[in-house]
Amino acid sequence: MIAESGTWHYGLIARWWAEFNVADPEELAYFRAAIRRFGEPALDLGCGTGRILVPLLADGLDVDGSDISADMITAAQAQAAKHGFTPRLTVQPMHQLDLPRRYRTIYMCGAFGIGGRRDHDREGLRRAYRHLEPGGALLIANHHLPYADRDEKGWSHWLPGRRVGTPHEWPTEGDRRRAADGDELELVSRLAEFDPLAQRKTLEMRARLWHGGQVVKEESYRLKENLYFAQEILLLLDQAGFHDLAVEGGYTGRPATANDGMVAFVARR
Ligand SMILES: C[S@@+](CC[C@H](N)C(=O)[O-])C[C@H]1O[C@@H](n2cnc3c(N)ncnc32)[C@H](O)[C@@H]1O
């Protein structure tokens with residue numbers, strides 16, 4: 001399956017997110033503090049299965065969600081319902097974001113640059129700007145810089161003499177985990193293409209459902225990811241009209257340094 005959106009957050013992968021991916025306390029504390037600082041209502045842009053959104057609702061915060069994947073939104077609805085919430089959740093790609101509300105805080109967590117279309121990324125930031133109240137803030141958190149890999153493996157793909165041929169071989173074993181109903185889910189991924197000039201990588205994923213020790217379903221997906229350095233995102237934010245731009249290290253809230261592989265951008269309307 002190759003979703004037109006250039007993402008893989010559908011079907012068994014959406015189920016994986018709903019089953020196994022939970023927010024850690026540091027992440028939640030970061031978004032909670034951001035919403036308290038910049039204000040409500042808040043929008044979780046690319047909210048996925050509600051991993052961050054649902055715990056924030058449980059804190060009593062007014063947070064809406066939006067995502068390109070109907071499967072992720074269906075899972076988010078189910079997670080929210082389990083806790084007695086019925087949040088406003090919308091299926092929309094961020095470059096077509098068109099919601100009736102305006103927000104004091106909009107945050108993205110690991111959702112920027114997916115899909116492989118730079119024109120869509122640019123328009124997504126413009127749309128986020130338009131959905132903010134004057135003085136409101138956009139946060140682009142959990143952004144991994146292209147040189148983030150500590151083991152140099154990922155970064156070495158950029159170097160002409162060190163480029164390994166693509167697609168890579170499929171690993172023989174994936175990450176296999178037991179779901180709540182006793183079935184097992186397995187994900188196996190590989191690098192399919194890498195283009196340093198376009199600053200884009202394409203990953204492939206095979207998602208398998210195991211029942212009684214047999215594979216009963218297999219799905220294949222591709223995800224295209226635009227790779228952005230920090231200064232490029234700052235330029236895009238500036239072009240979209242944002243001001244008071246800051247780059248923070250991880251989820252610390254302190255200014256980023258060259259040693260931070262994962263950063264968060266904070267920008268004001
Ligand atoms: C890595 S997941 C993170 C989900 C959620 N933010 C979290 O932290 O749990 C990325 C999410 O971004 C969504 N996404 C990717 N491209 C998008 C786009 N152009 N517009 C809206 N959502 C998008 C995907 O469907 C997926 O749910």
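Residues numbered from 1 in each chain as written. Predicted model: local features only at pLDDT ≥ 70, side-chain atom pairs only at ≥ 80, totals over all residues.

**Q** What's the story with the packing of helix α1 (residues 11–20) against helix α4 (residues 70–82) in this structure? I'm lost.
**A** Helix packing for two helices is described by the angle between their axes and how far apart those axes are. Axis separation between α1 and α4 bottoms out at 9 Å; the angle between their running directions is 30 degrees. Classified by the angle their axes make, α1 and α4 are roughly parallel. Seen along the crossing, α1 lies across α4 with a hand that is right-handed. Seen from α1, the contacting residues are Gly11, Ala14, Trp17 and Ala18; seen from α4, they are Asp71, Met72, Ala75 and Gln79. Tallied by class, residues from the contact of α1 with α4 come to five nonpolar, two polar and one charged. (Axes fitted to C-alpha atoms, helices over the stretch in contact; angles between N-to-C directions. Helix = DSSP H or I, 4+ residues; strand = E, 2+ residues; numbered from the N terminus. Parallel < 35°, antiparallel > 145°, perpendicular 65-115°, else oblique. Left-handed = near helix turned anticlockwise from the far one by under 90°. Contact = placed C-beta atoms within 7 Å. Nonpolar A, V, L, I, M, F, W, Y, C, P; charged D, E, K, R; others polar.)

**Q** Sorry, what's going on with the sheet that holds strand β4 (residues 103–109) here?
**A** Hydrogen bonds along the backbone pair up the strands of a sheet, which may run parallel or antiparallel. Across the sheet, seven strands lie side by side as β3-β2-β1-β4-β5-β11-β10; this open sheet has mixed pairing. A strand with exactly one partner marks an edge of an open sheet, and here the two such strands are β3 (89–91) and β10 (243–249). Geometrically, the sheet is characterised by an average inter-axis angle of 15 degrees between neighbouring strands, direction not taken into account. As judged from the five bridges shared by β10 and strand β11 (residues 262–268), these two strands associate in the antiparallel manner. Bridging across to β11, Gly249 finds its partner in Val263. Sitting on the sheet, α4 touches β2 (63–67) and β3, and the angle it makes with β3 is about 165 degrees. (Pairing = 2+ DSSP bridges.)

**Q** In this structure, what is going on with unusual backbone geometry? I would like to understand it.
**A** Negative phi is the rule for most residues except glycine; trans is the rule for most peptide bonds. Of note, the amide linkage connecting Glu40 to Pro41 takes the cis form, showing an omega dihedral of -5 degrees. In this structure, Pro167 follows Thr166 across a cis peptide bond, with omega equal to -5 degrees. Tracing the chain through its elements places Pro167 in the loop between α6 (153–156) and β6 (175–178). For Gln199, which is not glycine, the phi torsion reads 50 degrees and is therefore positive. Judged by the 17 C-beta atoms lying within 10 Å of it, Gln199 is partly exposed. (Buried ≥ 20, exposed ≤ 12 C-beta atoms within 10 Å, placed from the backbone.)

**Q** What should I look at first to understand the pairing of strand β9 (residues 214–226) in this one?
**A** On a regular strand, each side chain points to the face opposite its neighbour's, so the side chains alternate between the two faces of the sheet. Sheet topology note: the strand β8 (residues 200–211)/β9 ladder contains twelve bridges and is antiparallel. Across the sheet, Ala207 pairs through a bridge with Glu219, a residue of β9.

**Q** Which parts of the structure should I look at to understand helix α2 (residues 25–38)?
**A** Residues three or four positions apart in an α-helix share a direction because the helix packs 3.6 residues into each turn. A rise of 1.5 Å per residue sets the reference length of α2, with its 14 residues, at 20 Å; its end C-alpha atoms lie 20 Å apart and thus fit the reference within 8%. Those residues of α2 that fall on the buried side of the exposure criterion are Tyr30, Phe31, Ala34, Ile35 and Phe38. Looking straight down α2, one finds its buried side chains confined to an arc of 125 degrees; they lie on one side. For α2, exposure combined with an orientation more than 90 degrees from the buried face picks out Pro25, Glu26, Ala33, Arg36 and Arg37. (Expected span 1.5 Å × (residues − 1). Arc of directions from axis to C-beta.)

**Q** What's the story with the environment of Arg176 in this structure? I'm lost.
**A** In this structure, Arg176 sits in strand β6. Residues Arg176 and Arg269 lie 93 residues apart in sequence; the distance between their C-alpha atoms is 43 Å. Residues within four places of Arg176 in sequence aside, it is in contact with Glu184 and Glu186.

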